[in-house]
Amino acid sequence: MTNLVEIENLQVKFNTDSGEVNAVNGISFNIKKGETLALVGESGSGKSVTARGIIRLLAENAIISDQTSIKFNGTNINSYSEKEYQNIRGKNISMIFQEPMSSLNPIYTIENQISEVLKIHGKFSDKELKEKCLELLKQVQIPEPESRLSQYPHQLSGGQRQRIMIAIAIANNPDLLIADEPTTALDVTTQKEILKIFNDLKKYKDITMALISHDIAVISEVSESILVMNEGKIVEKGDCKKVLSSPNHEYTKHLLSCIPEWMK
Ligand code: ADP
Ligand code: MG
């Protein structure tokens, strides 16, 4: 399998009032085409910074080392301008965050918000836009998709909003979908439904994913590979099933020991 993403020596620091803070300390990893790579680790271990580093969606006080190399589809994207990154974001790589409400605009309808993303990267008539929106809503298995088009975010439940976020994220058929704790804010039943959508996306759309979660049960449902992070470093990586069933590193064993029994 070829690699869609190749990251070498990712180093991210933050400038803060009390000096520089190292967040990610020179990590290297690849994401193969078609696979789902899980990033796990305690809170603060550098998962989100790593994910955002891939598409340069970092806070203003972030500094990425010039020793860092990020290749996407074989092309080094380090030297891309902000404009070139914008083109890649949403079209080739898209991202889903934990809190769907903060990413949706409260004053626009669902149809408007999905159409907006479609229009950035393609030309469609109004009729085509509506059809595409509906098709996307069906793909994310939202109940009564037709009536959702004219609704606003506050009229939807948390799980339904997260489905809208997924619809927006996959609207332009990205090669890579990065999901940062996409199910953390949801109840267990909704979590399972969202995971099913991810599994369907892999099966029918051949999408490559980076899935961040501190929830090992969630990870094991969708991921082929895993990367365990601690204090901005990778402590263990490899085949997801193997690492989870026989972890080599003490930190991974510790993480696994924290899963409640009912989740196993
Ligand atoms: P997580 O694994 O929980 O996603 P993060 O990647 O968000 O962890 O954070 C990694 C480290 O970087 C943490 O120590 C965090 O406090 C720090 N960090 C993240 N964003 C900023 C920022 N904008 N300014 C300063 N420090 C930050
Ligand atoms: Mg995080």
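Because the structure is predicted, anything quoted here is derived from the model rather than measured.

Rules and cut-offs
- The numbers attached to residues start from 1 for each chain and follow its sequence in the written order.
- In the order they appear in the text, chains get letters beginning with A and ligands get numbers beginning with 1.
- Where totals are concerned, whole chains, interfaces and linings use all residues; where local detail is concerned, this predicted model gives features only for residues with pLDDT of at least 70, and gives and counts side-chain atom pairs only at 80 or more.
- Each side-chain value is derived from all of the structure's non-hydrogen atoms; neither hydrogens nor water enter the calculation.
- The rule for a residue being near a molecule or strand is that one of its heavy atoms must lie within 4 Å of it.
- The definition of a polar contact used here is a pair of N or O atoms within 3.5 Å, where within protein one atom must be able to donate a hydrogen and the other to accept one, and adjacent residues in sequence count solely through side-chain atom pairs.
- Numbering goes from the N terminus for both helices and strands, where a helix is a DSSP run of H or I of at least four residues and a strand is a run of E of at least two.
- When a residue's accessible area, from a 1.4 Å probe over protein chains only, is under 20% of the maximum for its type it is buried; when over 50% it is exposed; and in between it is partly exposed.
- We call two residues in contact when some of their heavy atoms are within 4.5 Å.
- Only protein atoms enter the 1 Å grid used here. Points where a 1.4 Å probe fits but cannot escape make up a cavity, open sets with protein on both sides within 12 Å along at least five of seven lines make up a pocket, and a residue lines them when an atom lies within 4 Å of a point.
- Grid points are joined across faces, edges and corners, and a volume is the space filled by probe spheres set on the points.
- Any residue that is not Ala, Val, Leu, Ile, Met, Phe, Trp, Tyr, Cys, Pro, Asp, Glu, Lys or Arg is counted as polar, Gly included; the first ten are nonpolar and the last four charged.

## A short note on the site of ligand 1
Looking at ligand 1, there are 13 residues lining it, with Gly44, Lys47, Ser48, Val49 and Asn61 nearest. Between ligand 1 and glycine 44, the relevant distance is 2.7 Å, taken from an oxygen atom to a main-chain nitrogen or oxygen of the residue. In this structure, an oxygen atom belonging to ligand 1 sits 2.9 Å away from a main-chain N or O atom of valine 49. It is helix H1 (residues 47–54) that contributes the most residues to the shell around ligand 1, three residues altogether.

## What to know about the side chain of threonine 50
Structurally, the position occupied by threonine 50 is in helix H1. Owing to a relative accessible area of 0%, threonine 50 belongs among the buried residues under this scheme. Sequence-distant contacts of threonine 50, defined by excluding residues within four places in its chain, comprise Leu10, Val24, Ile27, Phe29, Leu39 and Met229.

## Describing the layout of surface pockets
Considered as a void within the structure, the largest pocket measures approximately 590 Å³ in volume. Forming the boundary of the largest pocket are 21 residues, of which Gly90, Val117, Ile120, Met165 and Ile168 lie nearest the centre. For the lining of the largest pocket, the secondary structure elements donating two or more residues are strand E7 (93–96), helix H4 (110–121) and helix H7 (158–170). A total of six residues in the lining of the largest pocket trace back to one element, the largest contributor, which is H4. Residues of the lining of the largest pocket, tallied by class, amount to 11 nonpolar, eight polar and two charged.

In short, geometric facts, not functional conclusions.
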